[in-house]
Amino acid sequence: MLKRFSISLEEDLLENFDAYILQHRYSNRSEAVRDLIRKSLVREEWESNSQVVGVITLVYDHHRPQLQEKVTELQHRFYNIITSSTHVHMDHDNCLEVTITKGKASDVQELAQGLIALKGVKDGNLTMSSTGGKLY
Ligand code: NI
């Protein structure tokens, strides 16, 4: 159920916010405010080491010796927080590996940092998300 409330803002801040809304293609101020609030709550959950969901994306060199084994080894060490992983052979030289996780924020970050720091990983990202903490 939607509830309404009003917000008072300085004119300059509102102008900047409206520019942000245009740039990010929000359909209205309410949708933008909702999204920013959700993002702040997700960040807070990660910072307080709550139960979170995270997606780790890796692009790495298929030809680097032992790299695939090291990725698998780390995934086995953190098996209890990994929901699933998908490997895509992108082209002759590159692999894409997406690891979906659910667990304590610090564990998810440790796994992500371990994977991203492996030699031969060309790009790595952790997308931090959450359901809002109510479903765990
Ligand atoms: Ni591959």
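Small disclaimer: the values here were computed from a predicted structure and weren't measured.

1. A closer look at a negative patch on the surface
Okay, step 1: A cluster of acidic residues, Glu10, Glu11, Asp12 and Glu15, forms a negative patch on the protein surface.
Okay, step 2: Inspection of the secondary structure assignment puts Glu15 in helix 1 (residues 11–23).

2. Digging into the coordination of the nickel ion
Okay, step 1: Of the protein atoms, only His87 (NE2), His89 (ND1) and Cys95 (SG) coordinate the nickel ion, at distances of 2.1 to 2.4 Å.
Okay, step 2: Mapped onto the sequence, the residues coordinating the nickel ion show the spacing H-x1-H-x5-C.
Okay, step 3: A relative accessible area of 61% means that His89 is categorised as exposed.

3. Here's the deal with the nonpolar core
The nonpolar side chains of soluble globular proteins are, as a tendency, buried together.
Okay, step 1: In this structure, Leu58, Tyr60, Val71, Leu111, Leu115 and Leu118 are the most contacted members of the largest nonpolar core, which totals 20 residues.
Okay, step 2: Of all the secondary-structure elements, those providing two or more residues to this core are helix 2 (29–47), strand 1 (51–61), helix 3 (67–77) and helix 4 (105–116).
Okay, step 3: Take this core: its biggest share by element is 5 residues, from helix 4.
Okay, step 4: In this structure, Leu118 is in contact with Leu67, Lys70, Val71 and Leu74, ignoring residues within four places of it in sequence.

Parameters and conventions
Residues numbered from 1 in each chain as written. Predicted model: local features only at pLDDT ≥ 70, side-chain atom pairs only at ≥ 80, totals over all residues. Heavy atoms only, no water. Patch = residues over 30% accessible without salt bridge, like charges linked within 9 Å, V, L, I, M, F, W, Y side chains within 5 Å. Areas by Shrake-Rupley, 256 points an atom, 1.4 Å probe, with all protein chains shown as cover. Salt bridge = Lys/Arg side-chain N within 4 Å of Asp/Glu carboxyl O. Lys, Arg positive; Asp, Glu negative; His and termini not counted. Charge placed at Lys NZ, Arg CZ, Asp CG, Glu CD. Helix = DSSP H or I, 4+ residues; strand = E, 2+ residues; numbered from the N terminus. Donors = N, O, S within 2.8 Å, 3.2 Å for Na, K, Ca; no water. Buried < 20%, exposed > 50% of the residue type's maximum accessible area, 1.4 Å probe, protein only. Core = buried A, V, L, I, M, F, W, Y, C linked by side-chain atoms within 4.5 Å. Contact = heavy atoms within 4.5 Å.

Read these as geometric descriptors, not functional statements.
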